[in-house]
Amino acid sequence: MISVEGLTYYHNGPTRLPSLQDVSLHLPPGSRTLLVGANGAGKSTLLQILAGKRLVKNADIRIKGKDVFRDSPSGVAFLGTEWAMNPVVRNDILVSAFLDSVGGYRHKERRDHLLDILDVDLDWRMHAISDGERRRVQLCMGLMAPWDVLLLDEVTVDLDVLVRDELLTFLRRDSVERGATIVYATHIFDGLNSFPTHVAHMRLGSFVTHPIPWPLTSSTASASRDLYHTALHWLKEDREHRLELERQGRKTRGATRNETVPSASETFYKK
């Protein structure tokens, strides 16, 4: 369903370190893959490229056998965190009118089911609701048309525990019943143990662990851990790897110590 070969991507040109480096990915239909990695690992960039939102020229990226840039496949839905910040969706408009404007009347049964799951009030006005309520409207809008591939970039961060659990149950059932594929990047692992069919570990723009079946097998070092502790273990390894790179000369993070000369800004503000 999803195939990526030889993907390298630079945000700021080849003079900088790549955001993604030599990434290959193959996901079967009906799989639900969880991307695990620290902030800046490349998860969001990968999802945006799969959605065709960032142009890549020198890689083979296909969904449903079609090139995502030159032959845009149908049935691909991408939901990211930036939507709720868009000023267009903060205008004074009724939720019912907003959903109709994006074709809600064409998918009434699924739309109504999602309205119930997400606990959305059709009389809300988009400019007067909270970020969490606005996120619920986004999810209803993005999921009401049946999708074949769903790309989720941390879109449950604003949801309360109950709505998040019911949404994940809906997505899992939808994937199982229709053979649809999900790729989900998140930092919230509570309640996710039964959701993924595969997990993958990204670090500094590459896969440390390509998508492997979940739960992990007994031969895997992390097999005894649940999803939360597996992710925690991987992220601790990531930090140790980065600290080793810093000891070898890579730019360090955190506090700057043992400075003999104050920075220009420090000197200015002291004055």
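A short tour of the structure in this document, coming up. Note that the structure is predicted; figures quoted are calculated from it, not measured.

Turning our attention to the overall build of the protein. The helix and strand tally for the protein stands at seven helices and 10 strands. Expressed as a percentage of contacts within the protein between residues at least 6 apart in sequence, the contacts between residues at least 24 apart total 67%. For the protein, the accessible area works out to roughly 14,600 Å², and carbon and sulfur atoms hold 50% of it. For the protein, the distance from the average site of its 35 positive side-chain charges to the average site of its 34 negative ones is 6 Å.

Let us now look at a negative patch on the surface. Taken together, the side chains of Asp116, Asp119, Asp121, Asp123, Asp165 and Glu166 define an acidic patch exposed on the protein surface. Assignment of secondary structure puts Asp121 in the loop between α3 (108-117) and α4 (131-143).

Right, let's talk about the sheet that holds strand β10 (residues 206-213) for a bit. Taken in spatial order, the six strands make up an open sheet running β6-β7-β8-β3-β9-β10, and their pairing is mixed. Two strands in the sheet have a free side with no partner beyond their single neighbour: β6 (76-79) and β10. Neighbouring strand axes in the sheet, compared pairwise and without regard to direction, differ in orientation by 15 degrees on average. Across the sheet, helix α1 (residues 43-50) is in contact with β3 (32-36), β6, β7 (149-153), β8 (181-185), β9 (198-203) and β10; its angle to β7 comes to roughly 150 degrees.

Another aspect to go through is the nonpolar core. If you look at the biggest cluster of nonpolar residues, it comprises 44 residues, and the most contacted ones within it are Leu118, Val137, Leu143, Leu150 and Leu171. The dominant element in this core, judged by the number of residues it contributes, is helix α5 (residues 161-178), at five residues. In terms of domain composition, this core takes at least three residues from each of domain 1 (1-75 + 147-186 + 194-215) and domain 2 (82-146). Not counting chain neighbours up to four residues away, the residues in contact with Val137 comprise Val95, Phe98, Leu99, Val120, Trp124, Met126 and Ile129. One finds Val4, Val23, Phe69 and Val183 within the second-largest nonpolar core, a separate group that totals 28 residues.

Residue Trp214 is joined to Pro215 through a cis peptide bond whose omega torsion reads 5 degrees. Tracing the chain through its elements places Pro215 in the loop between β10 and α6 (227-247). Here the phi dihedral of Lys64 falls at roughly 55 degrees; this positive angle occurs in a residue that is not glycine. Along the chain, the position of Lys64 falls in the loop between β4 (60-63) and β5 (66-67). Classification of Lys64 by relative accessible area gives partly exposed; the value is 33%. Positive phi is not limited to glycine here, since Glu154 has a value of about 50 degrees. Topologically, Glu154 is positioned in the loop between β7 and α5. Exposure remark for Glu154: the relative accessible area of 11% places this residue in the buried category.

Under the defined criterion, the tally for this structure stands at two aromatic pairs. With centroids separated by 6.1 Å and ring planes inclined at 80 degrees, the aromatic side chains of Tyr184 and Phe195 adopt a geometry described as edge-to-face. Here Tyr184 is found in strand β8, whereas its partner Phe195 is found in the loop between β8 and β9, with 11 residues between them in sequence. Neither Tyr184 nor Phe195 differs from the other in exposure class; each is buried. Taking 5.0 Å as the distance between ring centres and 85 degrees as the angle between the ring planes, the aromatic pair formed by Phe268 and Tyr269 counts as edge-to-face. Of the two residues examined, Phe268 and Tyr269, each falls in the exposed class. The cationic tip of Arg32 hangs over the ring face of Phe195; the distance from NZ or CZ to the ring centre is 5.9 Å. We note Arg178 situated over the ring of Trp147; from NZ or CZ to the ring centre the distance is 5.0 Å.

Reading the values: rules and limits
- Residues numbered from 1 in each chain as written.
- Predicted model: local features only at pLDDT ≥ 70, side-chain atom pairs only at ≥ 80, totals over all residues.
- Heavy atoms only, no water.
- Helix = DSSP H or I, 4+ residues; strand = E, 2+ residues; numbered from the N terminus.
- Contact = heavy atoms within 4.5 Å.
- Areas by Shrake-Rupley, 256 points an atom, 1.4 Å probe, with all protein chains shown as cover.
- Lys, Arg positive; Asp, Glu negative; His and termini not counted.
- Charge placed at Lys NZ, Arg CZ, Asp CG, Glu CD.
- Patch = residues over 30% accessible without salt bridge, like charges linked within 9 Å, V, L, I, M, F, W, Y side chains within 5 Å.
- Salt bridge = Lys/Arg side-chain N within 4 Å of Asp/Glu carboxyl O.
- Pairing = 2+ DSSP bridges.
- Axes fitted to C-alpha atoms, helices over the stretch in contact; angles between N-to-C directions.
- Core = buried A, V, L, I, M, F, W, Y, C linked by side-chain atoms within 4.5 Å.
- Buried < 20%, exposed > 50% of the residue type's maximum accessible area, 1.4 Å probe, protein only.
- Domains from an automatic or database assignment.
- Phe/Tyr/Trp six-rings, centres within 6.5 Å; stacked < 30°, edge-to-face > 60°.
- Lys NZ or Arg CZ within 6 Å of the ring centre and 35° of its normal.

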